[in-house]
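What the coordinates show
These are the residues of each chain, in order.
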Amino acid sequence: MKICIIYHSETGTTRHVAQHLASACTDVRLIEVYDRAYYVPLTRFMSRCKKAQGEETTPIEPASIDVSGYDLIVLGSPVWAFKPTPVIHAAILALKGCEGKPVIGFFCHGGMPGSSEETFTTWCEGRTMQVRGTMTIHKKEIENEKKTKEILTMVSAATRA
Ligand SMILES: Cc1cc2nc3c(=O)[nH]c(=O)nc-3n(C[C@H](O)[C@H](O)[C@H](O)COP(=O)(O)O)c2cc1C
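First, a word on scope: everything that follows refers to the structure included in this document. Values in this document were obtained by computation on a predicted structure and should not be read as measured data.

**Some words on the overall build of the protein chain**
The secondary structure content of the protein chain amounts to five helices and ten strands. For the protein chain, the C-alpha radius of gyration of 15 Å lies close to 15 Å, the compact-globule estimate for 161 residues. A principal-axis box enclosing the C-alpha atoms of the protein chain has dimensions of 45 × 35 × 25 Å. Counting the 161 residues in the protein chain, one finds 38% classified as buried.

Have a look at this one:
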């Protein structure tokens, strides 16, 4: 079972979870996706919230992600304005060969995950992926053994299905 973990992270929380997950799996590829847009420093926070709230996308690097050789896709995103980030929205649209494949999403947040799981599910279903599980992780919980186990259980259940 080949797993492709794709994530966006600005301050390291989501990266930490993605790397931990990758280290616990065997046949896995880890891809970090970056925002290529420029934001004016003074209005950076608000501009990104506005983009996220409007479920917009943004130019990303890599611009295209081929997942045709993988059996399971895992996507990780910070929560911005109660939703997954424009980077992860763009990444979902940039997937090649994802149709019909199982997908899991995890969302790192600061206490208000909002509708991140529902929004993610809608985006993935729009690409005809099968959502096998979603979970939110408070940034204070990234070292929490219970949470870590929860996501690993979700991944191993999806690999067995
Ligand atoms: C632009 C922006 C918007 C955010 N909006 C939310 C939010 O709506 N709810 C929340 O709980 N945390 C919010 N946060 C906090 C992040 O979700 C949290 O710090 C997360 O762990 C960051 O992940 P990262 O370290 O992988 O970048 C926001 C952070 C930023 C920069």
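Let us keep going from here.
**Regarding the environment of Cys124**
Along the polypeptide, Cys124 turns up in helix 4 (residues 116-126). Looking at Cys124, the number of C-beta atoms within 10 Å reads 24, which means it is buried. As for Cys124 and Ile5, which are separated by 119 residues in sequence, their C-alpha atoms are 15 Å apart. Every residue in contact with Cys124, bar those within four places of it in the chain, is listed here: Ile92, Val103, Met129 and Val131.

**Notes on unusual backbone geometry**
Glu61 connects to Pro62 through a cis peptide bond whose omega is -5°. Mapped onto the elements of the fold, Pro62 is located in the loop between strand 4 (60-61) and strand 5 (65-66). Positive phi values are uncommon outside glycine, yet Glu55 reaches one of about 55°. Residue classification places Glu55 among the partly exposed positions, given that 14 C-beta atoms sit within 10 Å. With a phi close to 70°, Phe82 is a non-glycine residue in the positive phi region. Within the fold, Phe82 resides in the loop between strand 6 (72-80) and strand 7 (83-84).

Cut-offs and rules
- Residues numbered from 1 in each chain as written.
- Predicted model: local features only at pLDDT ≥ 70, side-chain atom pairs only at ≥ 80, totals over all residues.
- Helix = DSSP H or I, 4+ residues; strand = E, 2+ residues; numbered from the N terminus.
- Rg over C-alpha atoms; globule rule 2.2 N^0.38 Å.
- Buried ≥ 20, exposed ≤ 12 C-beta atoms within 10 Å, placed from the backbone.
- Contact = placed C-beta atoms within 7 Å.

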